[in-house]
There are 2 protein chains.
Amino acid sequence: MARWEPDARGRMLTAALELFAEKGYDGTTAGDIAARAGVTERTFFRHFADKREVLFANPNSLDEMVVKAIAAADEQATPLEMVIGGVRAAAVGLAEARTREQAAQRSRIVEATPALQERELLKMAAMTAAAQAALAERGVGEPTAAMAAYGGVAVFQTAFSRWVSGATDLGLPECVDEAAATLRALT
Amino acid sequence: MARWEPDARGRMLTAALELFAEKGYDGTTAGDIAARAGVTERTFFRHFADKREVLFANPNSLDEMVVKAIAAADEQATPLEMVIGGVRAAAVGLAEARTREQAAQRSRIVEATPALQERELLKMAAMTAAAQAALAERGVGEPTAAMAAYGGVAVFQTAFSRWVSGATDLGLPECVDEAAATLRALT
DNA sequence: CCTCCTATGTCAGTTACTGACATCAACCGT
DNA sequence: ACGGTTGATGTCAGTAACTGACATAGGAGG
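Along each chain, residues carry numbers from 1 onward, in the same order as the chain's sequence is written. The lettering of chains begins at A and the numbering of ligands begins at 1, in the order of writing. Per-residue local features are limited, in this predicted model, to residues with pLDDT of at least 70; the limit for side-chain atom pairs, both in listing and counting, is 80 or more; totals at the level of whole chains, interfaces and linings are taken over all residues. Where side-chain values are given, they derive from all heavy atoms of the structure, hydrogens and water being excluded.

**Describing the overall build of chain A**
What counts is decided by this rule: The numbering of helices and of strands both runs from the N terminus, where a helix is a DSSP run of H or I of at least 4 residues and a strand a run of E of at least 2. Think of it in three bands: with a 1.4 Å probe and only protein chains considered, a residue is buried below 20% of the maximum accessible area for its type, exposed above 50%, and partly exposed in between.
Looking only at helices and strands, chain A has nine helices and zero strands in total. Going from N to C terminus, chain A has its helices and strands arranged as α-α-α-α-α-α-α-α-α. Seen along its three principal axes, the alpha-carbon backbone of chain A occupies a region of about 55 × 35 × 30 Å. Counting all 187 residues of chain A, 43% fall into the buried class.

**Side note on the packing of helix H8 (residues 142-165) of chain B against helix H9 (residues 172-184) of chain B**
Residues and elements named next belong to chain B. Filter applied, for reference: Think of each axis as a best-fit line through the C-alpha atoms, taken over the contacting stretch in the case of a helix, with angles from 0 to 180 degrees between the N-to-C directions. Oblique is the label for any angle not covered by the other classes, which are roughly parallel (under 35 degrees), roughly antiparallel (over 145) and roughly perpendicular (65 to 115). Each helix crossing is assigned a hand: it is left-handed if the near helix lies turned anticlockwise from the far helix by less than a right angle, otherwise right-handed if that turn is clockwise. Working rule for contacts: check all heavy atoms of both residues, and any pair within 4.5 Å makes them a contact.
At a minimum axis distance of 8 Å, the contact between H8 and H9 shows a crossing angle of 130°. As summarised for this structure, H8 and H9 are arranged oblique, according to the angle between their axes. Both H8 and H9 take part in a crossing whose hand is right-handed. Contacts from Gly 151, Val 155, Thr 158, Ala 159, Phe 160, Arg 162 and Trp 163 in H8 reach Leu 172, Cys 175, Val 176, Glu 178, Ala 179, Ala 180 and Leu 183 in H9.

**Side note on the pattern of salt bridges**
Stated formally: Salt bridge criterion: a side-chain nitrogen from Lys or Arg within 4 Å of a carboxyl oxygen from Asp or Glu.
Inspection of the entire model under this criterion finds 30 salt bridges over all chains. Put simply, Asp 32 of chain B and Lys 23 of chain B hold a salt bridge, and the shortest N to O gap is 3.2 Å. Salt bridges sharing partners connect three or more residues here, namely Asp 50, Arg 52, Glu 53, Glu 118, Arg 119 and Lys 123 of chain A together with Asp 50, Arg 52, Glu 53, Glu 118, Arg 119 and Lys 123 of chain B.

**Some thoughts on the interface of chain B and chain A**
For clarity, the cut-off: By convention, the term buried area covers the 1.4 Å-probe accessible surface removed from two parts as they join, with the contributions of both added. The definition of a polar contact used here is a pair of N or O atoms within 3.5 Å, where within protein one atom must be able to donate a hydrogen and the other to accept one, and adjacent residues in sequence count solely through side-chain atom pairs.
Counting residues at the interface gives 25 residues for chain B, matched by 25 residues for chain A. Summing both partners gives a buried area of about 2200 Å² for chain B against chain A, and 73% of it is carried by carbon and sulfur. Seen at the junction of chain B and chain A, the total is four salt bridges. Among the salt bridges present, the one from Glu 118 of chain B reaches Arg 119 of chain A, with a minimum N-O distance of 2.5 Å. On inspection of chain B and its partner chain A, the count reaches five residue pairs in polar contact (both at pLDDT 80 or more).

**A short note on the nonpolar core**
Keep this limit in mind: By nonpolar core we mean a set of buried residues, namely Ala, Val, Leu, Ile, Met, Phe, Trp, Tyr and Cys, connected to one another through side-chain atoms within 4.5 Å.
Core analysis: the biggest nonpolar cluster contains 78 residues, and Phe 156 of chain A together with Phe 156 of chain B have the highest contact counts within it. Those residues within four positions of Phe 156 of chain A in sequence are excluded, and the remaining contacts are Leu 62, Val 87, Ala 90, Ala 91, Leu 94, Met 124 and Met 127 of chain A. Residues Ala 15, Leu 19, Phe 44 and Leu 55 of chain B belong to the second largest nonpolar core, which totals 20 residues.

**Overview of the environment of Thr 168 of chain A**
Residue and element names in this part refer to chain A. For Thr 168, the position within the fold is in the loop between helix H8 (142-165) and helix H9 (172-184). Ignoring sequence-local partners within four residues, the contact set of Thr 168 consists of Arg 100, Arg 162 and Cys 175. Within the local environment of Thr 168, its side chain forms a polar contact with the backbone nitrogen of Leu 170, the two atoms lying 3.0 Å apart.

**Here's the deal with the domain arrangement of chain A**
All names here are of chain A. Keep this limit in mind: Segment limits for the domains were obtained from an automatic or database-derived domain assignment. Ten residues, namely Ala, Val, Leu, Ile, Met, Phe, Trp, Tyr, Cys and Pro, are considered nonpolar, four, namely Asp, Glu, Lys and Arg, are considered charged, and the remaining ones, Gly among them, are considered polar.
According to the domain assignment, chain A consists of domain 1 (8-55) and domain 2 (58-186). One C-alpha centre belongs to domain 1, the other to domain 2, and the line joining them spans 27 Å. Taken together, the contact between domain 1 and domain 2 spans nine residues of the former and nine residues of the latter. Across the domain 1/domain 2 interface, buried area totals approximately 880 Å², and carbon plus sulfur atoms make up 55% of it. Ranking the residues of domain 1 by area buried against domain 2 places Tyr 25, Arg 52 and Leu 55 at the top, with a combined share of 63%. Our enumeration of links across domain 1 and domain 2 arrives at four salt bridges. Close ionic contact of Glu 53 with Lys 123 constitutes a salt bridge, the shortest N to O distance being 3.3 Å. Applying the counting criterion to the domain 1 and domain 2 interface returns four residue pairs in polar contact (both at pLDDT 80 or more). A per-class count over the side of domain 1 that touches domain 2 returns five nonpolar, no polar and four charged.

Following this line, the structure appears as structure tokens:
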């Protein structure tokens, strides 16, 4: 018999989601989450760098998918097309990992809490930086790589927001296509 | 004679900048800043919602300038051009308020501290939302307004980053023009 | 001269973290 | 089988970011 119940991390993850939904992010302490998961607060902070990270603990990071897709993109594609292809791949991955309702519930929590919005924005900025670096790897010059990365991530954010809003029946990848078309129409 | 020295807020502002430069953001406590400004920690938190806000306490908010410029934009302009015009106006305002060296020093502090990056991203997101709302006011439809706002803010961020980097002798507004040209060339 | 207003001080309390050290099942080599 | 090592956890004390409640006293206004 194991010394402790297995999958402490998983228990904390679900406990956190439950508690955030019940009492809100600010209304639940790290100790609350730990208690419901049957561990101590100290253990919580061993698994998550801070309280916010519980909501951002993704095994299959979107960044990686974006980077891989950019690295594998067609030589003929423009930088913007490469990034859009990347975020589309990430969208496919994300939609496989979660149902829209799961994503929407998480989104509701994040949108209700500035501290969580900040963290989400930081993750998006990391994705932008990763895309930019991947473009540089493909030989895209500096001001262009930055702008293309921003554009691609903007497409992703717009698409995601529209997807979870329920304003459409489209899947997330199709929302990406839609947002990409909007971006192209801008100029 | 006044009961206290006047301009406590201003003293805290400069004390914070000094201390962050001397000991780093994480190395200075709110109490340190208050002490150097000759007030108590409690007073610090009465003036600033949290420790991060000391670095983001701008009297003339960039958002306002962007919004005003969009409201005043030429009827013929495309949504993207409206936002770019807005961030250009903000760039002019910012360059009037601070020297490049001041902006660069502040940038160094922010870039060295994830917590401050998050806050900066939140401010940029607020600017995006403000621009989007201003576009909506001008009758721009939803997916387009969001993408145009993202694009314009991306231009601003790229321009600002290039300006403070010292890689060019251009002024901030000219960096905006440059970044805008890069964005237009993307498609 | 009295009164309210406002900026500040004081103090106690909560919560997010962090470091140091202890514990003990499980695993690994002999 | 036995002993040493490892790794995930517990325990505990401490720091720092805030927050609420209440006290204080100059200054403005009647």
